[in-house]
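Descriptive analysis of the structure
Here is how the chains run, residue by residue.
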Amino acid sequence: MTSRIPRDSRLRLVRPRPLAAAPSAVNQRRPRRPAPRPPEGTPAPAELARMARSGLADAARVAHWADGALGPGRDGTGSDGKGTLSDETAGRAAAELGLTAAQVRAAWDTARLAGLIEVHGDSARPGWRLRAWNRDDSAVLRGWVALFDAWSLASPEPTDREPAAVAEVVSAMPQVLSFLQLSAGPVPVEQLLDLLEQRVTELRTERCEIPYGPQPEPVEEPETADAPLAPLLDWALRALASVGALTYGDGQATLTPLGSWAVWVKLEQICVAAQSPAGNIEVAAEEMLRGCAQLRPNAARAEYRAWLAARPVGSAVTELLGAARGDDALLRGLAFEALRVVGAPAEPDVRSVADEPTLRPYALLWLAEHDGIDPEDAHEVLTREEATWLWVDTAAAVADHGEAPMLVRHLESALQPTVPRLLDEVRAVGHPRTVQVLVALAAAHPDPALAKAVRRAAFQVHTGG
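Residues numbered from 1 in each chain as written. Predicted model: local features only at pLDDT ≥ 70, side-chain atom pairs only at ≥ 80, totals over all residues. Heavy atoms only, no water.

Turning to its location among the elements, Arg 384 is positioned in helix α17 (residues 384–401). Through-space distance from the C-alpha of Arg 384 to that of Gln 416 is 9.1 Å; in sequence the pair is 32 residues apart. When neighbours within four sequence positions are excluded, Arg 384 is seen to be in contact with Leu 415, Gln 416, Pro 417, Arg 421 and Glu 425. (Helix = DSSP H or I, 4+ residues; strand = E, 2+ residues; numbered from the N terminus. Contact = heavy atoms within 4.5 Å.)

Tallying each qualifying case throughout the model produces three aromatic pairs. Between Trp 144 and Phe 148 the ring centres are 5.6 Å apart and the planes differ by 10 degrees, which places this aromatic pair in the stacked class. With Trp 144 and Phe 148 both in helix α6 (residues 137–149) and four residues apart, this pair spans about one turn of that helix. Phe 148 carries the same exposure label as Trp 144, and that label is buried. Measuring from centroid to centroid gives 5.5 Å for Trp 151 and Trp 235, while their planes differ by 50 degrees, and the two rings are tilted. Of this pair, Trp 151 sits in the loop between α6 and α7 (163–183) while Trp 235 is found in helix α9 (residues 230–242), placing the two residues 84 residues apart along the sequence. (Phe/Tyr/Trp six-rings, centres within 6.5 Å; stacked < 30°, edge-to-face > 60°. Buried < 20%, exposed > 50% of the residue type's maximum accessible area, 1.4 Å probe, protein only.)

So, about the pattern of salt bridges. Counted under the stated rule, the structure contains 26 salt bridges. A salt bridge links Arg 129 to Asp 327; the shortest N-O distance between them is 2.9 Å. Here Arg 129 is found in helix α5 (residues 128–131), whereas its partner Asp 327 is found in the loop between α13 (313–324) and α14 (329–342), with 198 residues between them in sequence. Relative accessible area serves as the criterion here: at 11%, Asp 327 is assigned to the buried category. Glu 286 is the partner of Arg 290 in a salt bridge, and the nearest nitrogen-oxygen pair spans 3.1 Å. Of this pair, Arg 290 and Glu 286 both sit in helix α11 (residues 285–292), four residues apart, which is roughly one turn of the helix. Take Glu 286: its relative accessible area is 40%, and that puts it in the partly exposed class. (Salt bridge = Lys/Arg side-chain N within 4 Å of Asp/Glu carboxyl O.)

Before going further, it helps to spend a moment on the sheet that holds strand β3 (residues 187–188). With antiparallel pairing, the three strands of this open sheet are ordered in space as β3-β5-β4. Strands with a single pairing partner mark the edges of an open sheet, and in this sheet they are β3 and β4 (246–249). Pairing of β3 with strand β5 (residues 252–255) involves two bridges; the strand directions are antiparallel. Pairing of Pro 188 across the sheet is with Gln 252, part of β5. Across the sheet, α7 lies against β3, β4 and β5, angled at about 75 degrees from β5, the strand it touches most. Contacting β4 and β5, α9 crosses the sheet at an angle of about 130 degrees to β4. (Pairing = 2+ DSSP bridges. Axes fitted to C-alpha atoms, helices over the stretch in contact; angles between N-to-C directions.)

Turning our eyes to something else, we now look at helix α21 (residues 448–463). Since one α-helical turn is 3.6 residues long, residues separated by three or four positions face the same way. Given a rise of 1.5 Å per residue, 16 residues ought to cover 22 Å, and the 22 Å separating the end C-alpha atoms of α21 matches this to within 8%. Among the residues of α21, those classed as buried are Leu 450, Ala 451, Val 454, Arg 455, Ala 457, Ala 458, Val 461 and His 462. Viewed end-on, α21 has its buried residues packed into an arc of 155 degrees, placing them on one side of the element. Buried residues along α21 sit against α4 (101–114), α7, α9, α19 (419–429) and α20 (434–444). (Expected span 1.5 Å × (residues − 1). Arc of directions from axis to C-beta.)

Right, let's get into α4. Look at α4: 20 Å from first C-alpha to last across 14 residues, which is about the 20 Å you get at 1.5 Å a residue. All of the buried residues along α4 are Val 104, Ala 107, Trp 108, Ala 111, Arg 112, Leu 113 and Ala 114.

Below, the structure is given as structure tokens:
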């Protein structure tokens, strides 16, 4: 991961050019584009959320049980320091919830992937989504999409297959899922296997490089290119079925309504650039920040000024910090960009949140710039751990709202000089989105060896290793 090009900022995606500054159209006054409609027959969001709640019912039950039974000061996790359930706690939960210990562990595992439980250092605690589980359909759907994105962690990888082949199948599955979504019905597994083989062949061709000059005699290696992909497709389809994305049986696979909707959403994100025209003055801070996400820097700052001018500074700052405490890392960064527009009046409130782990790196950067430190040098006020936490948080924003190349480029902004060092420190920092970030990075990176290392790290974090 080392680069010979000097870096002018190790947190380039955070400051001075935030994610909010992503280029959009030149003309900011174009008419509002109607929101794309999902395919005909897609259930309403409320119905999709009901399906997600049903599929994650055991995970939510275990998370709620842990919230009440494992309060502050009570040790219910194992001795591995990774937030996994101890045998005693799993048995106790099974007895109280009427489940088996294996079901409790599986539900706990699912809750972690869906963000209902967050692991912080050596402890686990309820996630933001659990607090909003019964009242916020969007939080439920985002939790399910997080589980869907981590499908490759839902079932153990085949141990009798080369890791490189597993990585190729994981990289090829989005195209298989897109085909399933466009088919809008059952598809024979033989047809999916043919598509998978074509896509894997394309991936191998894209990586093919012809070296110049005389070459040494080739060394025999495992013939992964000729290994059959049918067992790996079977693993992938079973893993996707386990998270509720599809049904699989009788030689065919069909996306569930939730799976079809999730794939459509991702296709829309890729094919359609969201447009956020001005006019956010009357809305709440969170909606205003979302509306500014695709504006150019100057246009976004103009929106911030207009929004701030329409309300008292104190309540505006409080509302922005409330949005920053939410689950969306993108809004966290945008909120502090808006607070930079506020300037000095926001200093007491920003200083008061500097001890909150989620907001601390952002607050320290804001205070450093407020004190006159050049934005290019402000990152030096962060400790190594804080900088790494901020790197993961920014990566989460990119994974949720950006494109795959941007996530790959974000790798170069890390403080660590090598990928192994980065992965070690990312695992240690305890960010609640670590697994999702690593899964997304592994899926996006074109280097199969690096993707393999990142996926292994994601699996280790996920399993508490």
